[in-house]
Structure formats: structure tokens, C-alpha cells
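Working through the structure, step by step
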Amino acid sequence: MADGVWILSGLSGAGKATALAALERRGVRCTDNLPVGLAGGLHGGEAPVVAVVDARQGEALRGFVPPAGVRVVFLDARDEVLVRRLADSTRPHPCAEAGAGPAAVAAERRLLEGMRAAADVVVDTSALTPEELGRRVAEAILPDGAVAPELVLTLSSFGFKYGPQLEADWVVDARMLRNPFWDPELRPLTGLDPAVRAHVLDHPPGAEFVDRLADLLRWTVDGMVQRHRTRLHVAVGCTGGRHRSVVVACELAGRLRAEGIAVVLRHRDVERPDPR
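Summary of the structure given here. Remember, it's a predicted structure, so these values are computed and weren't measured experimentally.

One covalent bond between the sulfur atoms of two cysteine residues makes up a disulfide. Considering all chains together, one arrives at zero disulfides under this definition. For Cys238, which is in no disulfide, the shortest distance to another cysteine sulfur is to Cys250 and amounts to 12 Å. Assessed through its relative accessible area of 2%, Cys238 is described here as buried.

Structure (C-alpha cells):
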């Protein structure tokens, strides 16, 4: 039985050692560099068990499918961030034979394609501090409360101009909606302010956009629960990540929470100044 068993995987330089140390400080039983053939023999219980399975396993990892009931947290980061971090590391890269820097990262991505596709949770560590990374991984593996909800839906907002939302299962583009940026009084505000919310949602396309998304997410969550999935991350993007995407993510979170769905709400870029 694999209840409470997690695999921690991800790219070299994405922060697996930091995440593992954070989990150990919280009393989680952890194993580093577990051979893939032993993954099916892990057993959890009331407390979770975490095993790191990554590219150090080499070709044995290619095509690996986690055993039934084993959940996966996958740590990722933008390629340029990984290359910079690896340049400061003294550890040999597991795909160094493919070449240095970007070539090694690209080879490792190919090797880990199956693991990333199987992940229940993907964490983009590009802009996270070690403390933030540890907290994010702990939140995924150690949810608050004695009984975890059937499914946790993460809704996040972001700005396309600052790069993709690597963690997301779905990306929704809200740039079709009326943009508060072009109103001088609304420009310095964010989607957390009532005036910006009204500007977006009082316009018929904005209201319809949220209505349709809410219906789709309700239907999707029901289907995923029936298939025993436990995580879904939907990222809503606009140009700068300060206005439209924040309004849409907040409105969806409020509606779905009111219906009993467990929702985590995050805003990646809302605090960034928009230089346009």
C-alpha cells in the first residue's frame, strides 16, 4: 500500500536538496536518490514518506511511471536560472555527457519528461527563496488539517511579459478583457482593488468570461475527483499580471470556495511595477 508516499523529483539546480532539508526539519521521513526499482516498495502511513528520484538514475528513469498511489512533486525552473545555479554548483551534472550548461539542461529535461507528466504538483522555483521553496513543498505534502480534501485547486495570476507560469496544468489567457491599465485612475491600482474588479466584471465580456470558466472548472473538478486526482493548477494570465488576471483568479476562487472546493489562491506578479 502506497498511502502517504511521495516522490520528489525535478531538474538539477531546481532546489531538491533545499526542499528535502525543509521536509526533514518538519519530521518527514525522506530518502535521497532512491533506485527506481524500489519505488513500489515504499509504504506510508499516518505520516508521509518522501523519496527523491531524479536524473541520477540515468536511463533507468526513462519511461518510468510512478506506482499506483504514489504522488509526485516536481521542481522546475527556467533554463537560464538552472544554468546560472549550476555554474555555482560543485556537484557533477547527471547529464554532463550531453555538454555543458544549456545542453545538459536540455538533455535532463528529455530524461525527466515522463516524471514531469506524471506530477501531481509542479513548483516553479525560479523566483523562490529557500524559505519559500521549503514552505511550498511542505504545503503540498503536509496539507493543513487532519483530513486532506479530495482535490486542491490552485488558481494563480501572472503576467505573460514576465515569462510563462511553469507550474500550471492549464493556462488561461485573459488579455481579451477590457484593460484597466488604460484608465489613468486605475493604472496604479491592482486587481485586488474594488474599482479594478468592477471595471473588469461590469463589462459583459468580463462577466461572461468568469461564468464560463467557473462552469468548466466545476465540471473538471468533479471529473478529476472521480479519477482520484488530488491537484489541479489553473493559471490566469494577462499582460502584466496586475489587473485582469488578478480579478479573474480572485472571482473564480471566491465562487468555487463557496461551493466547497478547496482552493489555493496565488498572485505571482501583482506586486511588480508595470513600466509601460
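With that out of the way, let us pick up the pattern of salt bridges. Within this structure, the stated rule accounts for 19 salt bridges. We note a salt bridge from Arg56 to Asp54, for which the minimum N-O separation is 3.0 Å. Classification of Arg56 as partly exposed rests on a relative accessible area of 40%. Since its relative accessible area comes to 4%, Asp54 is described here as buried. For the salt bridge of Arg255 with Asp211, the shortest nitrogen-to-oxygen distance reads 2.7 Å. With Arg255 in helix 8 (residues 244-258) and Asp211 in helix 7 (residues 204-226), the pair connects residues that are 44 residues apart, well separated along the chain.

Counting 41 residues, the largest nonpolar core has Ile7, Leu8, Val73, Leu75 and Met115 as the members making the most contacts within it. Contributions of two or more residues to this core are made by strand 1 (5-10), helix 1 (16-25), strand 3 (49-52), strand 4 (71-76), helix 2 (79-87), strand 5 (121-124) and helix 5 (130-141). With five residues, the top contributor of residues to this core is helix 5. Apart from residues lying up to four places away in sequence, Val73 is in contact with Trp6, Ile7, Leu8, Ser9, Val121, Val123, Ala140 and Ile141. Counting residues in each nonpolar core, the second largest holds 27 residues, with Ala174, Leu186, Ala214 and Val247 among its members.

Attention shifts here to the packing of helix 1 against helix 5. The geometry of helix 1 relative to helix 5 is characterised by a closest axis approach of 9 Å and an angle of 60° between their N-to-C directions. Where helix 1 crosses over helix 5, the two elements pack in a sense that is right-handed. Packed against helix 1, whose contacting residues are Thr18, Ala19, Ala22 and Leu23, the element helix 5 presents Pro130, Leu133, Gly134, Val137, Ala138 and Ile141 at the interface. Split by residue class, the contact of helix 1 with helix 5 holds eight nonpolar, two polar and no charged.

A separate point is helix 8. For helix 8, with 15 residues, the first-to-last C-alpha span of 22 Å sits near the 21 Å given by 1.5 Å per residue. All of the buried residues in helix 8 are Arg244, Ser245, Val246, Val247, Val248, Ala249, Glu251, Leu252, Ala253 and Leu256. Residues of helix 8 that are buried in the fold lie against strand 6 (152-159), helix 6 (194-201), helix 7, strand 8 (231-238) and strand 9 (262-267). In the stretch just after helix 8, Gly260 is the one whose phi turns positive, near 90°.

Here the focus is the packing of helix 7 against helix 8. Taken N-terminus to C-terminus, the directions of helix 7 and helix 8 make an angle of 50°; their axes are 10 Å apart at the nearest point. Relative to helix 8, the element helix 7 lies oblique. In this structure, helix 7 meets helix 8 at a crossing whose hand is right-handed. Residues Phe209, Val210, Asp211, Leu213, Ala214, Leu217 and Arg218 of helix 7 touch helix 8, and the partners they reach there are Val248, Glu251, Leu252, Arg255 and Leu256.

On to the sheet that holds strand 8, then. If you walk across this open sheet you meet the four strands as 7-8-6-9, and the pairing is parallel. Bordering the open sheet on either side are strand 7 (170-173) and strand 9, each of which pairs with just one other strand. Strand-to-strand twist across the sheet, computed as the mean angle between neighbouring axes with direction ignored, equals 20°. Across the sheet, helix 7 lies against strand 6, strand 7 and strand 8, angled at about 170° from strand 7, the strand it touches most.

Here Arg136 lies in helix 5. Not counting chain neighbours up to four residues away, the residues in contact with Arg136 comprise Val123, Leu128, Glu167 and Arg266.

Per the counting criterion, the structure on display carries two aromatic pairs. Look at Phe181 and Trp182: their rings are 4.9 Å apart centre to centre, the planes differ by 85°, and that puts the pair in the edge-to-face class. One Lys or Arg, Arg272, reaches over the ring of Tyr162 and ends 4.2 Å from the middle of that ring.

So, how was this worked out
Residues numbered from 1 in each chain as written. Predicted model: local features only at pLDDT ≥ 70, side-chain atom pairs only at ≥ 80, totals over all residues. Heavy atoms only, no water. Disulfide = S-S within 2.5 Å. Buried < 20%, exposed > 50% of the residue type's maximum accessible area, 1.4 Å probe, protein only. Salt bridge = Lys/Arg side-chain N within 4 Å of Asp/Glu carboxyl O. Helix = DSSP H or I, 4+ residues; strand = E, 2+ residues; numbered from the N terminus. Core = buried A, V, L, I, M, F, W, Y, C linked by side-chain atoms within 4.5 Å. Contact = heavy atoms within 4.5 Å. Axes fitted to C-alpha atoms, helices over the stretch in contact; angles between N-to-C directions. Left-handed = near helix turned anticlockwise from the far one by under 90°. Nonpolar A, V, L, I, M, F, W, Y, C, P; charged D, E, K, R; others polar. Expected span 1.5 Å × (residues − 1). Parallel < 35°, antiparallel > 145°, perpendicular 65-115°, else oblique. Pairing = 2+ DSSP bridges. Phe/Tyr/Trp six-rings, centres within 6.5 Å; stacked < 30°, edge-to-face > 60°. Lys NZ or Arg CZ within 6 Å of the ring centre and 35° of its normal.

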